[in-house]
Amino acid sequence: MNGPRQDQTAKYCFGLLETPESTNCTSSKNEDSSSSNSEQTPAVPSRLLASSNSLPDSSTLTSCSEAFGNTSAKKRVQTPVIRSSSSLASKTPGTFKTPRTVGVRKTPKTPYTSSSMTPAAENSCSVIVAIVEGRGLARGEIGMASLDLKSPVLMMSQFSDTQTYVKTMTKLQILKPLEIILPHTVCESGNSSKLFKMISDQFPNTNISSVQRRYFNETKAQQILSVMCCLNNVVPFRYYCLATNAALLKYVEYIQNIIFAPSSLKVVFKGSEHTTMIDIMTAKNLELLENRRDPFSNHSLFGVLKYTHTAGGARLLRSNILQPPSDLETITMRQDVVREFTEKEEVFYNLKGVLSKFLDVDHIISLCVQIPKNDNVKTAESKITTVICLKHLLELVPVLQEFLKDCENPLLKAYCKTLEDPRLQIVLSKINSVVHEDTKYQKGTLPMRTQNYSVYDIFSGLLDVARRAYTEIVDDITSMVTQLGIQFHLPLRTAFSTIRGFYIQLCCSGKETFHAEDLPPIFIKVTKFKTTLNFTTADLVLLFFPDRVKGSLDEIYLMTNIVMTELLGDVRHHITVLYKLSETVAMLDMLLAFAHACTLSSYEFTDTLAIKMGRHPILEKIGAGEIVPNNTYAAEDCNFVLITGPNMSGKSTYLKQVALLQIMAQTGSFVPAEYASFRIASQIFSRVGNDDDIQTNSSTFMLEMKEMNYIIQNVSGDSLVIIDELGRGTSAEEGVGICWSVCEYLLKTKAFTFFVTHYKELTSLDNLYANVENYFMEVHRSFSREGGCEKITYTHVMSQGKTPEEHYGLMLAEMSTMPKDVLHDAAELAEMLDRLRQKNQTTDPEVARHRAIFKLASKLLQVARNSRLDLASLRAYLLNLRLHSGLHPPTATPPLATTKTAELTEGL
Ligand SMILES: Nc1ncnc2c1ncn2[C@@H]1O[C@H](COP(=O)(O)OP(=O)(O)OP(=O)(O)O)[C@@H](O)[C@H]1O
């Protein structure tokens, strides 16, 4: 064990070579605390320091070096805490920049350092938490990493949260952090995020520090953790929680000055409460958000369900697919809503109609809460637009409420009540006191600009004059463009963009196509955008743009800005009700989308997974050819389903179908099946991928092993696991060995596992384990006279038992142009190996008897838990069960079902 790993002392290196200076960090801390000049902060290993940019523009921010007892906060605001040692940085290849941290609140009292621990410190907080939130469509996706300085356990979690951040706050309450680290972008003064504000409010005694967002880097985290994690520890493939780890670990090293030994850190992944954890690889394998082959196609689960009309609804759908709820009450409540929507067609269409008019509520809220650093025409314009959009939203609220008022579902009633909140109307009347009542939100920059000056003439005649001047100018431009259109017989129209100003647009999407070259020379600066040609004329540029138009508009905006700033200040007092509105609209939109996608949806939640005639939802969306439905069954007595069958018979499709239907059911959506019963899964795992991971430089085999290790370490009794062709990246013997031991590991758990394999040896697992059930994909062979060879027809039907097909790989190969003698030799060898294998596969009658007893006992238990039959039917069913148990000779009594689930059990 004298390899290089041992030489890495208590230090992880971010792609840097180790140098002796790095070990001096701890001892230098005390020297640093007496210094007031943060540039000399020796707490940071100087060789790693790199240049830092200017600090966030905020007078409230104080330097993190306060943590080390420095006093001159003001000076430190101007001077970055961690500075580069340029000479050293330039000498070190690939120097890693240090996280430039800024303590937003007071000094954290670090109770524990790697070198000392006082008794008093033992009871105090010692957890440092890093949090990051996704952006754009991923907003609400929270990554969290926490490290208890008292024990080297790194807790990671990633979950979807609402705009009220209930889950985040709950988690923080549990963690009781000493310090919270956030990306600098969310803490910037005047531009701080809602998450930052909530944390500051709810954790007034916790230090909050900001770190440059670029340190929330998932690739770096993987590098760091690969060095720092315990050898058997596996890090989940989840982007945001990984990203937080990079910032957290770097922060702990540089600011708390704590360095962990390599392979010493334990990583624990904790998903969010009441949601199912789906790791990023599984999300990719199952094509939850994106089609694997074509990222732009909508052939993904998200694409199947995306009938949403609002951005908030789409975001909610996305996060629910990635993290479906796992608490029964939530799911059944949603199911009931979807059912009500499907039953009440009028309500469905009315709600759909009004929701399609909604704008992105979250975006409008964020515009309302952002305070620009400087006021200028652009920010003034944005404020007016925000107010008009908000007015538009609030005017839709009573309409939405009206359509919901007769709904019976408690969830819909609660949403209706939210919409009744008088604060919504208070905000609207405040807006109406400033903006003309007939001002309407309109699509497009030009119409919106015209609306923007529909503010009451608070400044008596002044604003009116400016407004009139602007209208005249716009009228002049419009008539000039109309004239040009008549002159050149072209369908021209006036257009406007903030960057370009006024310009002329020619639409080329109709019957006639226009090319830039064919335009008369009067038209200049021609650009093509999708289906339009955009251009201007010298007259338009000279006469109207920019000064005349811009001057009058600027005047309007600046005058209106004063009013708008005051109005938005008032709106912010009622911002919580707007967040609630946003949540309501998003949830209604998502549930309506589920109702839209609904075809048949009859399912319940029990302890059994039983799907009758289930179909693959994405395959169905693609709509190429007939979809063959299949049944699925897994229960306590049969929680391990082993599937064999020839290539192309539909095994992988079937596996994914099971997981996709489970996810759909847990989101509250329909499932494409005749009937289904699900057991709520706390985690869904998959090992399906077949690509080499170039990014992490892993071979196929290495990747399979990593993924399997992750599953093994995290699987629990209520997980759903799908595994496709494990072990194919190595030799057949090793592959069988690995598969066998993985199967045995999973068989010890109560997880529902669906395992697809080509290794026939594994089918004899059912001799040893009564909870293994073999299934196979049926194919039909026929002789094709035309081709003079055997033909295979794929039925895609799954049946119970082991596949009778032999050497199907060779059959497929025969269809290729492989030389006949090579194939002949291969067939002979395969047959020889088969004979050997069959010799070892004999079923002991005693084993078979034990198996039958186990099955009967499990079925009886299932009946006791789920039966809803009357006494006579139950008696008949139990008699039938005994007769078919294999413990007595069966008679001709037809099977009777207790519930639909039991019916399926029999059917399968
Ligand atoms: N139930 C089904 N109904 C209709 N088409 C199906 C069904 N299942 C699979 N298919 C189609 O059959 C083809 C092969 O399916 P799949 O890749 O799942 O087979 P496989 O058995 O996993 O193959 P291999 O062992 O080579 O990986 C796919 O094109 C798929 O669209």
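Note that the coordinates shown come from a computational prediction; the quantities given were computed from them, not determined experimentally.

### Notes on the overall build of the protein chain
Inference 1: Across its full length, the protein chain carries 33 helices and 23 strands.
Inference 2: Across the 908 residues in the protein chain, those meeting the buried criterion constitute 53%.
Inference 3: Considering only contacts in the protein chain between residues 6 or more positions apart, those separated by 24 or more positions represent 74%.
Inference 4: When the accessible surface of the protein chain is totalled, it reaches about 41300 Å², and 56% of it is carbon and sulfur.

### A look at helix α14 (residues 345-355)
Inference 1: Along α14, the residues classified as buried are V347, F348, L351, K352, V354 and L355. One side of α14 carries all its buried residues, which in axial view fall inside an arc of 170 degrees. The exposed set on the far side of α14, more than 90 degrees from its buried face, consists of E345 and E346.
Inference 2: Contacts from the buried residues of α14 go to α13 (328-343), α16 (377-404) and α23 (575-597).

### Comments concerning the environment of S582
Inference 1: Locating S582 in the fold gives a position in helix α23.
Inference 2: With 220 residues separating them in the primary sequence, S582 and D362 have C-alpha atoms 6.2 Å apart.
Inference 3: In contact with S582, not counting residues within four places along its chain, are V361, D362 and I365.

### Observations regarding unusual backbone geometry
Across residues other than glycine, the phi torsion is negative in most instances, and most of the peptide bonds are trans.
Inference 1: The backbone of E287 sits at a positive phi, close to 55 degrees, despite the residue not being glycine.
Inference 2: Note on placement: E287 falls in the loop between α10 (280-285) and α11 (301-305).
Inference 3: Among the residues examined, E287 registers a relative accessible area of 14% and is labelled buried.
Inference 4: One non-glycine residue, K525, lies in positive phi territory at about 50 degrees.
Inference 5: Structurally, the position occupied by K525 is in strand β12 (residues 523-529).

### So, the sheet that holds strand β13 (residues 532-537)
Inference 1: In space, the 4 strands of this open sheet follow the order β10-β11-β13-β12, with antiparallel pairing throughout. Where the open sheet ends on each side, the last strands, each with one partner, are β10 (492-497) and β12. Between one strand axis and the next, the sheet turns through 35 degrees on average, direction left out of account.
Inference 2: In this structure, β10 lies alongside strand β11 (residues 501-507), joined through 6 bridges in antiparallel fashion. Looking at the pairing, A495 lines up with Y503 of β11.

### What about the UniProt feature "domain: DNA mismatch repair proteins mutS family" (unreviewed entry) in the protein chain?
Inference 1: Within this structure's numbering, the places UniProt gives as "domain: DNA mismatch repair proteins mutS family" (unreviewed entry) are residues 719-735.
Inference 2: Annotation note: span residues 719-735, helix share 24%, strand share 35%, distance between end C-alpha atoms 24 Å.

### Comments concerning helix α12 (residues 311-322)
Each α-helix turn comprises 3.6 residues. Residues three or four places apart therefore point the same way.
Inference 1: The terminal C-alpha atoms of α12 lie 17 Å apart, and with 12 residues this matches the ideal 16 Å at 1.5 Å per residue to within 8%.
Inference 2: Among the 12 residues that make up α12, 11 are buried, leaving the element largely enclosed by the rest of the structure.

### Points about the nonpolar core
Inference 1: One finds L305, F341, L390, L394, F678 and F754 to be the most contacted residues of the largest nonpolar core, which totals 111 residues.
Inference 2: With 15 residues, the top contributor of residues to this core is α23.
Inference 3: Among the domains, domain 2 (306-458 + 562-597) and domain 4 (602-691 + 699-802) are the pair contributing at least three residues each to this core.
Inference 4: Each residue touching L305, except ones within four places of it in the same chain, is listed here: L317, I321, A593, F594, A597, M664, S669 and F670.

### Points about the pairing of β13
Inference 1: Among the 6 residues that make up β13, 6 are buried, leaving the element largely enclosed by the rest of the structure.
Inference 2: Two strands pair when backbone bridges link them, and β12 and β13 are joined in this way by 5 bridges, in the antiparallel orientation. For K528, the partnering residue across the bridge sits in β13 and is L533.
Inference 3: Hairpin connection between β12 and β13: a loop of 2 residues separates the two successive antiparallel strands, and K530 in this loop has a positive phi of roughly 45 degrees.

### Overview of the pattern of salt bridges
Inference 1: Enumeration over the complete set of coordinates arrives at 12 salt bridges.
Inference 2: Between D336 and R339 there is a salt bridge, with its nearest N and O atoms 3.2 Å apart. Here D336 pairs with R339, and both are found in helix α13, just 3 residues apart, close to one helical turn.
Inference 3: We classify R339 as partly exposed; its relative accessible area is 35%.
Inference 4: Across the salt bridge formed by E707 and R687, the nearest N and O atoms sit 3.4 Å from each other. Placement of the pair is E707 in helix α26 (residues 700-714) and R687 in strand β19 (residues 683-687), with a sequence separation of 20 residues. Neither E707 nor R687 differs from the other in exposure class; each is buried.

### Examining the site of the ligand
Inference 1: Near the ligand there are 15 residues, and of these V628, M648, K651, S652 and T653 occur at the shortest range.
Inference 2: Residue M648 places a main-chain N or O atom 2.9 Å away from an oxygen atom belonging to the ligand.
Inference 3: In this structure, an oxygen atom belonging to the ligand sits 3.1 Å away from a main-chain N or O atom of G650.
Inference 4: A total of 630 Å² of accessible area belongs to the ligand in isolation, and the protein chains cover 74% of it.
Inference 5: The leading source of residues in the shell around the ligand is helix α25 (residues 651-667), at 3 residues.
Inference 6: Residue composition of the shell around the ligand, by class: 5 nonpolar, 7 polar and 3 charged.

What counts as what
- Residues numbered from 1 in each chain as written.
- Predicted model: local features only at pLDDT ≥ 70, side-chain atom pairs only at ≥ 80, totals over all residues.
- Heavy atoms only, no water.
- Helix = DSSP H or I, 4+ residues; strand = E, 2+ residues; numbered from the N terminus.
- Buried < 20%, exposed > 50% of the residue type's maximum accessible area, 1.4 Å probe, protein only.
- Contact = heavy atoms within 4.5 Å.
- Areas by Shrake-Rupley, 256 points an atom, 1.4 Å probe, with all protein chains shown as cover.
- Arc of directions from axis to C-beta.
- Pairing = 2+ DSSP bridges.
- Axes fitted to C-alpha atoms, helices over the stretch in contact; angles between N-to-C directions.
- UniProt positions renumbered as here; feature names shortened; annotations may be inferred.
- Expected span 1.5 Å × (residues − 1).
- Core = buried A, V, L, I, M, F, W, Y, C linked by side-chain atoms within 4.5 Å.
- Domains from an automatic or database assignment.
- Salt bridge = Lys/Arg side-chain N within 4 Å of Asp/Glu carboxyl O.
- Near = heavy atom within 4 Å.
- Polar contact = N/O pair within 3.5 Å; in protein donor to acceptor, adjacent residues only side chain to side chain.
- Nonpolar A, V, L, I, M, F, W, Y, C, P; charged D, E, K, R; others polar.

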